[in-house]
Amino acid sequence: MISERTRRNLRRELRRSLLARLGIVVVVLMVAMAVFAPFISPYSPSQQNLDNSRQPPLGFSTKETKEVTKMEDGSVVIENGQVVTETQTVYTNATAAHPLGTDGNGRDILSRIIYGARTSILVGLFGTSLAALIGVLVGLSAGFYRGRVDDVLMRSADIMLAFPSLVLAIALVGVWGQAQAPIPDPFVTTGIAPAFRSAVGLPTGMPETVVLPGTVIVVVALVNWVWFARVARGEALSIREEEYVKAAKALGASDGRTMLRHVLPNAITPILVLATIQVAAIILLESALSFLGFSGADVSWGFDIALGRQYQSTAWWISTMPGLAIVVTVIGLNLVGDWLRDALDPGIEGEGGV
Amino acid sequence: MSLSRFLIKRSLQGLLVIWGVITVVFGLRFISPGDPANVLLPPDVDPEVRAQVIAELGLNEPLYVQYWQFISGIPFGDLGLSLVTRTPVAARVVAKLPATLELAIAATIVAVVIAIPLGVLSATRRHEPADYGATVFSLVGISTPNFWLGVMLILVLAVQLNLFPTSQRPIGLDGIAMLLAGGDVGAAVDGFVTWLWHITLPAITLGTYFTALITRLTRSGMLDQLGRTYVRASRAKGLPETLVRYKHALRNTLIPVITVIGLQLGTLIGGAVITEAVFAWPGLGTLIINSINARDWPVLQGSLIIVAVGFVLVNILVDALYAYVNPQVAYD
């Protein structure tokens, strides 16, 4: 499916572009982080420690003034029958135990970012795959059959496009509710990760399931399939005029077979480029839904940004860190998308983000 | 095909899409697991009262009757009644429109004013620091979730440095217009300053993605135009470089840029929803989110219809504009 010429173009572009290599490194790191979360995460993402809340990230310290009971020689000072209080400045220093600090409940932010990558990447991959499946089926049929089929399918695509994707996504998740499927984490249930963790001296007790946000995946696919339909249709329109498609038809190949064996493989390049950009767009969409509290996810970058808002005057890092994780991931995906587009030059359009 | 025929055809297509939009929005209620009557009634209500409420809401009518009731009022601006407040939905949506529109317009102004010069600068100084700066800016701008940007702006500029308010919209352009109409110019100027002060952070939040996007488009469009034969011919003819760049190349670049701005309007409204949530901006987005949380379906449905119909109309307008400035376009 990927020709020698294509591979050569990809390699040439990769040698030429530092940014493309950077993008690949970022994406590979993020995926690795998500997959191997139970091995590398310093703590469980839900492990609370209220005595240790709002610890600043490495390189920072916080100064807070607190009203505390005045003590002299180890006893409480009482004047006029009342306990005397005094303002004391409390410094909190960063510790290596929590390199990115802790949140309002004393949970380790680095661990939450590592586990949050799972949510983002699951939704990004599954959402994009489902959107591509729907969109490619619709688009190929529209372009292949043209005429009335094309009219009906593409007008329904226009109807979907009339809704801003975020607004439609909010409405759909809002009316559907949030179905989630906990799937067992194979690394934890087989005991590999716990064994590894106790061997290297990391705390155990990692979550045994990965939560698959089912509704969110379906919804992001439902609002984003249109872009795939448009690209697939455009490709099918031109490919159907090619000699080899006519030959396949003349030889008696069924429509389904012609589309899947002859049209689709030749339309795959622009679809792949679009898919890369769409993973980024869908990760942004998921984070927006989580930020608004509609996704139901409790370990998600967008959700943690929202959680941090109540500490915006005392602990800036709680909202800042997960946002940086989103930005880095999306930049990485966009760089990979640019690389594929420059190398393969399919000339497509597509929506970028939230 | 002539321009007028093109417009008629395009408008008919638009009507068809609007009908589809209304139908999809109507169907939304039926995929929802909850019963609208439950929003109004306590769970332990007397079944007779319940049946009466369901009858009043028309929920026991056959589907086609409900559909007709839903759709027939819309051309006359009747979007039904809110389940919660029992007031007309249309009035509530219209009351929230100015806040969202002024946010969207302010963001577009921010985007256009920054992005087009930046894109031109980037294209004309290719491979110079200015170009790299603009490229990095647009990459980061496209990749940054706007709600996080809003939270960061609040964190730094409002909470830490106290330069801007964290939220709210004490006065809108509609209120300022009212003051002007009342002849109170002083208060109107004060109001405008307050408005500007409050809308700055939300407008930057909403506008950054578009600034980045339009910078990218302007840059690549401009590079494409500058490489064309007519540019070389004009230069060879001895036209001043400024004229070649800013009159000819830029003008041809702007046509697709304007189309994209129109097409991205949906994203802009989507972005406005979340920007409003960050800044407690009392617009359509806040209304949509509140109506979902309150399970107030008619308000949600009405807002969706207004947003989608607005989007369709703007797109027809953009197409017409496009056809007008570029008569060679093959009317599809």
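These numbers were taken from a predicted model, which means no experiment stands behind them.

**Considerations on the overall build of chain A**
Scanning chain A from terminus to terminus reveals 13 helices and eight strands. Its C-alpha atoms give chain A a radius of gyration of 26 Å, more than 25% over the compact-globule value 20 Å for 354 residues. Across the 354 residues of chain A, 51% fall into the buried class. Taking as baseline every contact in chain A between residues at least 6 positions apart, the subset at least 24 positions apart corresponds to 80%. As presented, chain A carries roughly 16,100 Å² of accessible surface, and 58% of it is formed by carbon and sulfur atoms. Distance between charge centroids for chain A: 12 Å, based on 28 positive and 29 negative side chains.

**Let's talk about the interface of chain B and chain A**
Each partner contributes to the interface: chain B provides 49 residues, whereas chain A provides 43 residues. Counting each side, the surface lost to burial between chain B and chain A is near 4,000 Å², with a carbon and sulfur contribution of 76%. In terms of surface lost to chain A, no three residues of chain B exceed Ser143, Phe147 and Trp148 of chain B, which account for 15% of the buried area on that side. Put simply, chain B and chain A have one salt bridge between them. Of the charged contacts in the structure, one is a salt bridge between aspartate 338 of chain A and arginine 216 of chain B, with a shortest N-O distance of 2.8 Å.

**Looking at a positive patch on the surface**
Residues and elements named next belong to chain A. Together, Arg5, Arg8, Arg12 and Arg15 give the surface a local cluster of positive charge. Looking at where arginine 12 falls in the secondary structure, it is placed in helix α1 (residues 4-16). Overall, the relative accessible area of 41% leaves arginine 12 in the partly exposed class.

**Here we look at the pattern of salt bridges**
Scanning the entire structure with this criterion turns up 15 salt bridges over all chains. Note that arginine 235 of chain B and glutamate 241 of chain B form a salt bridge whose closest N and O atoms lie 2.8 Å from each other. Exposure remark for glutamate 241 of chain B: the relative accessible area of 29% places this residue in the partly exposed category. Connected through shared salt-bridge partners, Arg146, Arg240 and Glu241 of chain A make up one network.

**Structural notes on the layout of surface pockets**
Residue and element names in this part refer to chain B. Here the second largest pocket is characterised by a volume of approximately 510 Å³. Lining of the second largest pocket is provided by 20 residues; of these, Leu57, Phe70, Gly80, Leu81 and Pro298 occupy positions nearest its centre. If you list the elements that add at least two residues to the lining of the second largest pocket, you get α1 (3-31), α3 (47-57), α4 (63-73) and α14 (297-325). Here the lining of the second largest pocket takes four residues from α4, the largest share from any one element.

**Some details on the packing of helix α6 (residues 165-176) of chain A against helix α9 (residues 214-239) of chain A**
Residue and element names in this part refer to chain A. In contact at an axis separation of 9 Å, α6 and α9 are set at 145° when each is read in the N-to-C sense. Crossing of α6 against α9: the hand is right-handed. Mapping the contact onto sequence places Ser165, Leu168, Ala169, Leu172, Val173 and Trp176 in α6 and Thr215, Val219, Leu222, Val223 and Asn224 in α9. Looking at side-chain class alone, the contact of α6 with α9 contains eight nonpolar, three polar and no charged residues.

**What to know about the pairing of strand β8 (residues 209-212) of chain A**
Residues and elements named next belong to chain A. Every second residue of β8 is oriented toward a common face, the buried set being Val210 and Leu212 and the non-buried set Thr209 and Val211. Bridging between strand β7 (residues 181-184) and β8 involves four bridges; their strand directions are antiparallel. The partner of proline 182 across the bridge, within β8, is valine 211.

**Things to note about a nonpolar patch on the surface**
Judged by side-chain polarity, Leu101, Ile105, Ile109, Val113 and Ile114 of chain B come together as a nonpolar surface patch covering roughly 460 Å² of accessible area. Looking at the secondary structure, you find isoleucine 105 of chain B in helix α5 (residues 89-124).

**Remarks on the environment of aspartate 224 of chain B**
Looking at the element boundaries, aspartate 224 of chain B is found in helix α9 (residues 185-226). When the C-alpha atoms of aspartate 224 of chain B and alanine 123 of chain B are compared, they prove to be 9.3 Å apart, with 101 residues separating the residues in sequence.

**Notes on the packing of aromatic side chains**
Residues and elements named next belong to chain A. A full pass over the atoms with the stated rule returns twelve aromatic pairs over all chains. Taken together, a centroid distance of 5.4 Å and an interplanar angle of 75° make the contact between phenylalanine 39 and phenylalanine 196 edge-to-face. A residue pair is termed long-range when its members are at least 10 positions apart, and phenylalanine 39 in helix α3 (residues 37-40) and phenylalanine 196 in helix α8 (residues 192-200) qualify at 157 residues. With relative accessibility at 13%, the residue phenylalanine 39 sits in the buried group. You can call phenylalanine 196 partly exposed: its relative accessible area is 37%. With 5.3 Å between their ring centres and 85° between their planes, phenylalanine 144 and tyrosine 145 make a pair best called edge-to-face. Phenylalanine 144 gets classed as buried once you look at its relative accessible area, which sits at 4%. Grouping aromatic residues by their ring pairs yields a cluster made of Phe36, Phe39, Phe187 and Phe196.

Thresholds, definitions, all that
- Residues numbered from 1 in each chain as written.
- Chains lettered and ligands numbered in written order.
- Predicted model: local features only at pLDDT ≥ 70, side-chain atom pairs only at ≥ 80, totals over all residues.
- Heavy atoms only, no water.
- Helix = DSSP H or I, 4+ residues; strand = E, 2+ residues; numbered from the N terminus.
- Rg over C-alpha atoms; globule rule 2.2 N^0.38 Å.
- Buried < 20%, exposed > 50% of the residue type's maximum accessible area, 1.4 Å probe, protein only.
- Contact = heavy atoms within 4.5 Å.
- Areas by Shrake-Rupley, 256 points an atom, 1.4 Å probe, with all protein chains shown as cover.
- Lys, Arg positive; Asp, Glu negative; His and termini not counted.
- Charge placed at Lys NZ, Arg CZ, Asp CG, Glu CD.
- Buried area = accessible area lost by both parts, 1.4 Å probe.
- Salt bridge = Lys/Arg side-chain N within 4 Å of Asp/Glu carboxyl O.
- Patch = residues over 30% accessible without salt bridge, like charges linked within 9 Å, V, L, I, M, F, W, Y side chains within 5 Å.
- 1 Å grid on protein atoms, 1.4 Å probe; cavity = no way out; pocket = protein on both sides within 12 Å on 5 of 7 lines; lining within 4 Å.
- Points joined across faces, edges and corners; volume = space filled by probe spheres on them.
- Axes fitted to C-alpha atoms, helices over the stretch in contact; angles between N-to-C directions.
- Left-handed = near helix turned anticlockwise from the far one by under 90°.
- Nonpolar A, V, L, I, M, F, W, Y, C, P; charged D, E, K, R; others polar.
- Pairing = 2+ DSSP bridges.
- Phe/Tyr/Trp six-rings, centres within 6.5 Å; stacked < 30°, edge-to-face > 60°.

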